[in-house]
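A closer look at the structure
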Amino acid sequence: MGEAARQVTTSKDDWFQIALETLIAEGVERVKVLTLTEKLGASRSSFYWFFKNRDELLAQLLDHWERKNTTAILERAARPADSITEAVLNVFECWIASDIFDARLDQALRDWARNDAAVARAVQAADDARIEALRAMFAGQGYPKGEDFIRARVLYLTQIGYYAIGASEDMETRLSYVGHYLMALTGRRASDEELARFVAYTRAKSDEAKREEG
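1. Structural notes on the nonpolar core
Most often, soluble globular proteins have nonpolar side chains that are buried together. The biggest cluster of nonpolar side chains holds 33 residues, and the ones touching the most others in it are Val 88, Phe 92, Trp 95, Leu 134, Met 137, Phe 138 and Leu 155. Of all the secondary structure elements, the ones that give two or more residues to this core are α5 (54-77), α6 (84-92), α8 (117-140), α9 (147-164) and α10 (171-186). If near-sequence neighbours (up to four positions away) are discounted, Leu 134 is found in contact with Ile 73, Ala 77, Val 91, Ala 152, Leu 155 and Tyr 156.

2. Points about the pattern of salt bridges
For the structure on display, the rule yields 18 salt bridges. The residue Glu 75 makes a salt bridge to Arg 76 at a minimum N-O spacing of 3.2 Å. Across the pair Glu 147 and Arg 151 runs a salt bridge, and its minimum N-O distance is 2.8 Å. With Glu 147 and Arg 151 both in helix α9 and 4 residues apart, this pair spans about one turn of that helix. Glu 147 gets classed as partly exposed once you look at its relative accessible area, which sits at 32%. Overlapping salt bridges, with partners in common, bring together Glu 75, Arg 76, Arg 79 and Glu 93 in one network.

3. Some words on the packing of helix α7 (residues 103-113) against α8
Packing of α7 against α8 leaves a shortest axis separation of 8 Å and a crossing angle of 135 degrees. Taken as axis vectors, α7 and α8 run oblique relative to one another. Handedness of the crossing formed by α7 with α8: left-handed. Of the residues in α8, those in contact with Asp 106, Leu 109, Arg 110, Trp 112 and Ala 113 of α7 are Val 119, Ala 120, Val 123, Asp 127 and Arg 130.

4. Let's talk about the packing of aromatic side chains
Scanning all chains against the criterion turns up 10 aromatic pairs. Summarising the aromatic geometry, the rings of Trp 95 and Tyr 163 are spaced 6.2 Å apart at their centres and angled 75 degrees between planes, so their arrangement reads as edge-to-face. Residue Trp 95 is found in the loop between α6 and α7, and its partner Tyr 163 is found in helix α9; the two are separated by 68 residues along the sequence. Each member of the pair Trp 95 and Tyr 163 is classed as buried. Three or more aromatic residues joined by ring pairs form one cluster here, namely Trp 15, Phe 47, Tyr 48 and Phe 51.

5. Considerations on the confidence of the model for the protein
Scored by pLDDT, the protein has a mean of 92; 96% of the residues are at 70 or more. Confidence scores differ between elements of the protein, with helix α1 (residues 3-6) showing the lowest mean pLDDT of 46 and α8 the highest of 98. Predicted confidence for residues 1-5 stays below pLDDT 50, and this span has 1 contact to residues more than four positions away or in other chains.

6. Description of a nonpolar patch on the surface
Taken together, the side chains of Phe 149, Ile 150 and Val 154 present a nonpolar region at the surface, about 250 Å² in accessible area. Its location among the elements puts Ile 150 in helix α9.

7. Re helix α11 (residues 192-213)
With 22 residues, α11 should cover 32 Å at 1.5 Å per step; its first-to-last C-alpha distance of 32 Å lies within 8% of that length. Each element contacted by the buried residues of α11 is listed here: α6 and α10.

8. Observations regarding the packing of α5 against α8
The contact between α5 and α8 brings their axes to 8 Å, and the two run at 10 degrees. Here α8 runs roughly parallel to α5, going by the angle between their axes. Between α5 and α8, the contacting residues are Leu 62, Trp 65, Glu 66, Asn 69, Thr 70, Ile 73, Leu 74 and Ala 77 on the first element and Val 119, Ala 122, Val 123, Ala 126, Ala 129, Arg 130, Ala 133, Leu 134 and Met 137 on the second. Split into classes, the residues belonging to the contact of α5 with α8 amount to 13 nonpolar, 2 polar and 2 charged.

Procedures and definitions
Residues numbered from 1 in each chain as written. Predicted model: local features only at pLDDT ≥ 70, side-chain atom pairs only at ≥ 80, totals over all residues. Heavy atoms only, no water. Core = buried A, V, L, I, M, F, W, Y, C linked by side-chain atoms within 4.5 Å. Buried < 20%, exposed > 50% of the residue type's maximum accessible area, 1.4 Å probe, protein only. Helix = DSSP H or I, 4+ residues; strand = E, 2+ residues; numbered from the N terminus. Contact = heavy atoms within 4.5 Å. Salt bridge = Lys/Arg side-chain N within 4 Å of Asp/Glu carboxyl O. Axes fitted to C-alpha atoms, helices over the stretch in contact; angles between N-to-C directions. Parallel < 35°, antiparallel > 145°, perpendicular 65-115°, else oblique. Left-handed = near helix turned anticlockwise from the far one by under 90°. Phe/Tyr/Trp six-rings, centres within 6.5 Å; stacked < 30°, edge-to-face > 60°. pLDDT = per-residue confidence, 0-100. Patch = residues over 30% accessible without salt bridge, like charges linked within 9 Å, V, L, I, M, F, W, Y side chains within 5 Å. Areas by Shrake-Rupley, 256 points an atom, 1.4 Å probe, with all protein chains shown as cover. Expected span 1.5 Å × (residues − 1). Nonpolar A, V, L, I, M, F, W, Y, C, P; charged D, E, K, R; others polar.

Below, the structure is given as structure tokens:
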């Protein structure tokens, strides 16, 4: 069977999704037209039907990361909350499901940034925006200037460090830590009702992910 017979019809989303998967799993160096062509079993010419060049695809991957991951943190940090522990639990939603905040994508961008100055600036800007949103969250709950910033940094950098070292526990173990993390991060004890709502939400997201996996 010749090469032309093996080629498949593709959409722009096909190219984008395989590029995203490759970026996360193998790094930006592997996000090349030839590599993606081989993975899709498509022709190189079909790539150029949807993208001017590799740089345009990379720019769209960067934009996707910014819209997905940074927006998730900013939106949850800005949600109305009756207490700082409820506010932090809103942010914790970002850490429990990849459809909200893709931790592997975040790490892939940080790896990419090591060798790309423009991406490094984008990552720094995202970090600054995320920390500022968390600072405003603490300030809105009555924490004084200075302390609000440090608590925001501790909350954010703790989680980013968690991803960086690849720490992981099963869901029940992680849930058992939540109240202690809240005390450490806020100096306040969460109510039983707040913790129960978060546990229920987390388990529902876990069940949803299992159903999607088949």
